[in-house]
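What follows is the residue order along each chain.
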Amino acid sequence: MTIEKAQLEDLESIIAIEQQIFNTDAYPAFVVRQLFDISGAYFLVAKEDDKVLGYALGGINTNEKKAWILSLGVALEARGKGLGKQLTETLITVVKAEPIEEIALTVYPDNLAAIKIYKELGFLGDLILDNYFLDHEERIIMTLKMI
């Protein structure tokens, strides 16, 4: 298994994983395409035998010296192998090369598997916010300090 920068030809697989996991909350295909165009090295895929098994998408707000993990997805058939953690660790390594002070992410309060991974990696935060995405759904913002 390899983790590498996403390529244009990976987008259909990424979109399929996004839809499989997030269902009605999935990014639309046109948004994934535009995020690909602007994210560069912060859009990673995990592949085995040229098949995309997962992805991690990040972004950086240079004014606030803050990186964000915008989305993380692992195909259902590839779960339980530590792939989500590996993708997150790799994305953290990539964004650490920038002059940032923290990395942030949001997670559903009931996504205990993801919360466990993020806590193992040093992320903190358990404040539940209602309506974060203006959809009346609860989210937790977790952060990892770089300094």
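Refer to the structure above for everything that follows.
This is a predicted model, so every value here is computed, not measured. (Residues numbered from 1 in each chain as written. Predicted model: local features only at pLDDT ≥ 70, side-chain atom pairs only at ≥ 80, totals over all residues. Heavy atoms only, no water.)

1. A few points about helix 4 (residues 112-120)
For an α-helix, the turn length of 3.6 residues means that residues three or four places apart are oriented alike.
Next, step 1: Turning to helix 4, its buried residues number three or more, namely Ala 114, Ile 115 and Tyr 118. The buried side chains of helix 4 occupy one side of the element, clustering within an arc of 100° when seen end-on. Exposed positions of helix 4 whose direction lies more than 90 degrees from the buried face are Leu 112, Ala 113 and Lys 116.
Next, step 2: The elements touched by buried residues of helix 4 are strand 4 (66-74), helix 3 (83-96), strand 5 (102-107) and strand 7 (138-145). (Buried < 20%, exposed > 50% of the residue type's maximum accessible area, 1.4 Å probe, protein only. Helix = DSSP H or I, 4+ residues; strand = E, 2+ residues; numbered from the N terminus. Arc of directions from axis to C-beta. Contact = heavy atoms within 4.5 Å.)

2. Quick look at the pairing of strand 3 (residues 51-61)
Next, step 1: Here strand 3 lies mainly inside the structure; eight of its eleven residues are buried.
Next, step 2: Judged from the six bridges that link them, strand 2 (residues 43-48) and strand 3 form a sheet pairing that is antiparallel. Within the sheet, the bridge partner assigned to Lys 47 lies in strand 3 and is Val 52.
Next, step 3: Taking the residues that link successive antiparallel strands as the turn, the strand 2-strand 3 hairpin has two residues, and the phi of Asp 49 there is positive, at about 50°.
Next, step 4: Two strands pair when backbone bridges link them, and strand 3 and strand 4 are joined in this way by eight bridges, in the antiparallel orientation. Of the residues in strand 4, the one forming a bridge with Leu 57 is Ser 71.
Next, step 5: The hairpin turn running from strand 3 into strand 4, its antiparallel successor, is four residues long, and Lys 65 in that turn takes a positive phi close to 55°. (Pairing = 2+ DSSP bridges.)

3. Description of the pattern of salt bridges
Next, step 1: Enumeration according to the criterion identifies eight salt bridges in this entry.
Next, step 2: Across the pair Glu 4 and Lys 47 runs a salt bridge whose closest N-O atoms are separated by 3.5 Å. Of this pair, Glu 4 sits in strand 1 (residues 2-5) while Lys 47 sits in strand 2; the two residues are 43 residues apart in sequence, bridging distant segments of the chain.
Next, step 3: Measuring nitrogen to oxygen at the nearest pair gives 3.0 Å for the salt bridge that ties Glu 120 to Lys 85. With Glu 120 in helix 4 and Lys 85 in helix 3, this pair connects stretches of sequence that are 35 residues apart.
Next, step 4: Under the relative-accessibility criterion, Lys 85 is labelled partly exposed at 26%.
Next, step 5: Through salt bridges with shared partners, a single ionic network connects Glu 4, Asp 10 and Lys 47. (Salt bridge = Lys/Arg side-chain N within 4 Å of Asp/Glu carboxyl O.)

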